[in-house]
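# Breakdown of the fold
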2 protein chains.
Amino acid sequence: MKIYLGCVLLVGVLSGLAFAQNSLEKEQSKLLQVDAEFSRYSVEKGPAVAFAAYLADDSVLLPMGENPISGKQAIVNYFSQGEYTLEWKPLRAEVAKSGEMGYTYGTSELRTKDKDGKTQVRYYKYVSVWKKQKNGDWKLALDIGNQNPAPAQT
Amino acid sequence: MKIYLGCVLLVGVLSGLAFAQNSLEKEQSKLLQVDAEFSRYSVEKGPAVAFAAYLADDSVLLPMGENPISGKQAIVNYFSQGEYTLEWKPLRAEVAKSGEMGYTYGTSELRTKDKDGKTQVRYYKYVSVWKKQKNGDWKLALDIGNQNPAPAQT
């Protein structure tokens, strides 16, 4: 009986940590998909609205040429500056076996209009660290990007 | 007996995943320390030697202004270019509950000598994703940095 109770306890404590390889792969596909949806939302509604929806409350942004920015609202304010489109493409997602932490990385494009109304594109790449929330949603915990060359023309 | 065996099996399967909060905090302190030692090694031996020691075989570097570089040797070659000192300071480390994935972020300084022998400093920040290897060592799996303002003078 003691062993049985110990076993039940063990199952209870560890079930939150237990991820089979199969469900880990599913979770990685899901995180890739979440990041891709985040990008689509950014293109549709603008980066500020999209980051407001996907950021964890205690997230940190490491913006190019600026000091780190901490906290959801401060980061949303950062993305509220100016008129631009930000779109990205996750290339890879990986999730820890415990299923509550993961990262994505990929390439991104910032599009602005110059004074003649012509679209200017700048190229970047990024790493995002994600944390799964208590309700099961993945939220962005840490984000950094830097300059990337323009993709080769095909 | 069946329950007992099931319990043993469960312990066997999950023990690799089981991290109490206490050991998680220890692991986070350890990862901070590993990243700080990595920086000291970089200052002592040069970035190429340090990255050769700390990179995972399948690591990816996302260098500023260049396409992603995949694989330990290619990354070591990248850091072998030129004469410079690279030093950094991890500000935070976090480890997944399963204990095999974590990240650090912090600030870094690149020091070069100009033609008059005067030291020039450029400031950056970075995010590193780490993976614990089978032998228990933390190795760098993904690394990205970007420009940071010079720190405020105190």
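An account of the accompanying structure is given in this report. Values in this document were obtained by computation on a predicted structure and should not be read as measured data.

Rules of the game
Residues numbered from 1 in each chain as written. Chains lettered and ligands numbered in written order. Predicted model: local features only at pLDDT ≥ 70, side-chain atom pairs only at ≥ 80, totals over all residues. Heavy atoms only, no water. Contact = heavy atoms within 4.5 Å. Buried area = accessible area lost by both parts, 1.4 Å probe. Salt bridge = Lys/Arg side-chain N within 4 Å of Asp/Glu carboxyl O. Helix = DSSP H or I, 4+ residues; strand = E, 2+ residues; numbered from the N terminus. Buried < 20%, exposed > 50% of the residue type's maximum accessible area, 1.4 Å probe, protein only. Arc of directions from axis to C-beta. Pairing = 2+ DSSP bridges. Axes fitted to C-alpha atoms, helices over the stretch in contact; angles between N-to-C directions. Left-handed = near helix turned anticlockwise from the far one by under 90°. Nonpolar A, V, L, I, M, F, W, Y, C, P; charged D, E, K, R; others polar. Least-squares fit on C-alpha atoms with pLDDT ≥ 70 in both. Lys, Arg positive; Asp, Glu negative; His and termini not counted. Phe/Tyr/Trp six-rings, centres within 6.5 Å; stacked < 30°, edge-to-face > 60°.

## A closer look at the interface of chain A and chain B
Each partner contributes residues to the interface: chain A has 40 residues there, and chain B has 40 residues. In total, about 3,500 Å² of surface goes out of reach between chain A and chain B, with carbon and sulfur atoms giving 73% of it. Summed over the shared surface of chain A and chain B, the result is two salt bridges. Across the salt bridge formed by B:E94 and A:K131, the nearest N and O atoms sit 2.7 Å from each other. Going through the elements one at a time, helix 1 (2-14), strand 1 (55-62), strand 3 (85-95), strand 4 (101-113), strand 5 (119-132) and strand 6 (138-147) of chain A are the ones with two or more residues in the side of chain A that touches chain B.

## Describing helix 4 (residues 72-79) of chain B
Those residues of helix 4 of chain B not exposed but buried are B:I75, B:V76 and B:F79. The buried residues of helix 4 of chain B all sit within an arc of 100 degrees when viewed along its axis, so they share a single face.

## With respect to the sheet that holds strand 3 (residues 85-95) of chain B
Residues and elements named next belong to chain B. The strand order across the open sheet built from six strands is 2-1-6-5-4-3, with neighbouring strands paired in mixed fashion. Edge positions in the sheet fall to strand 2 (69-70) and strand 3, since each of these pairs with one other strand and no more. Here strand 3 runs beside strand 4 (residues 101-113); their pairing, made up of 10 bridges, is antiparallel. From the neighbouring strand, P90 faces strand 4, where its bridge partner is G106. Against the sheet, helix 4 contacts strand 1 (55-62), strand 2 and strand 3, and its axis sits at roughly 55 degrees relative to strand 1.

## Here's the deal with the packing of helix 2 (residues 21-45) of chain B against helix 3 (residues 47-54) of chain B
All names here are of chain B. One way to put it is that helix 2 packs onto helix 3 with a least axis distance of 7 Å and a crossing angle of 145 degrees. For helix 2 against helix 3, the interelement crossing comes out right-handed. For the pair formed by helix 2 and helix 3, the contact residues are V34, E37, F38, Y41, S42 and K45 on the first element and P47, V49, A50, F51, A53 and Y54 on the second. For the contact of helix 2 with helix 3, the class distribution of residues is nine nonpolar, one polar and two charged.

## Description of the pattern of salt bridges
For the coordinates displayed, the defined rule picks out 10 salt bridges over all chains. A salt bridge links B:K132 to B:E27; the nearest nitrogen and oxygen atoms lie 3.0 Å apart. Here B:K132, found in strand 5 (residues 119-132), pairs with B:E27, found in helix 2; they are 105 residues apart in sequence, far enough to count as distant. Owing to a relative accessible area of 25%, B:K132 belongs among the partly exposed residues under this scheme. Residue B:E109 pairs with B:R111 through a salt bridge whose shortest N-O separation is 2.7 Å. If you follow the salt bridges from partner to partner, you end up with A:E87, A:E109 and A:R111 in one network.

## Observations regarding the environment of B:A93
Residue and element names in this part refer to chain B. Relative to the helices and strands, A93 is located in strand 3. What makes A93 buried here is its relative accessible area of 10%. With 29 residues separating them in the primary sequence, A93 and R122 have C-alpha atoms 23 Å apart. Excluding residues that lie within four positions of it along the chain, A93 makes contacts with Q28, L31, L32, Y103 and T104.

## A closer look at the relation of the copies chain A and chain B
With an axial shift of 0.0 Å and an RMSD of 0.1 Å, the rotation relating chain A to chain B amounts to 180 degrees. The operation mapping one copy onto its partner corresponds to a two-fold rotation axis. Residues of chain A ranked by C-alpha distance from the rotation axis are headed by A:S98, positioned 2.4 Å from it. A shared interface surface links the copies, since 100% of the contact residues of chain A are contact residues in chain B too.

## Overview of helix 3 of chain B
Taken residue by residue, helix 3 of chain B has B:P47, B:A48, B:A50, B:F51 and B:Y54 as its buried positions. All buried residues of helix 3 of chain B fall inside an arc of 165 degrees around its axis, so they share one side.

## Looking at the side chain of A:D35
Residues and elements named next belong to chain A. Locating D35 in the fold gives a position in helix 2 (residues 21-45). Here D35 is buried and forms no salt bridge, its nearest opposite-charge partner R40 lying at an N-O distance of 10 Å. Apart from residues no more than four positions distant in its own chain, D35 is found in contact with W88, P90, T104, Y126 and W130.

## Focus on the packing of aromatic side chains
Within a pair of aromatic rings, the relevant descriptors are the distance that separates the centres and the angle that separates the planes. Residues and elements named next belong to chain A. Here the structure, examined in full by the defined rule, presents 16 aromatic pairs over all chains. Measuring from ring centre to ring centre gives 6.0 Å for F38 and W130, while their planes differ by 85 degrees; the resulting arrangement is edge-to-face. Placement of F38 in helix 2 and of W130 in strand 5 is noted, with a sequence separation of 92 residues between them. Following the ring pairs from residue to residue traces out a cluster consisting of F38, Y41, F51, Y54, Y78, F79, W88 and W130.

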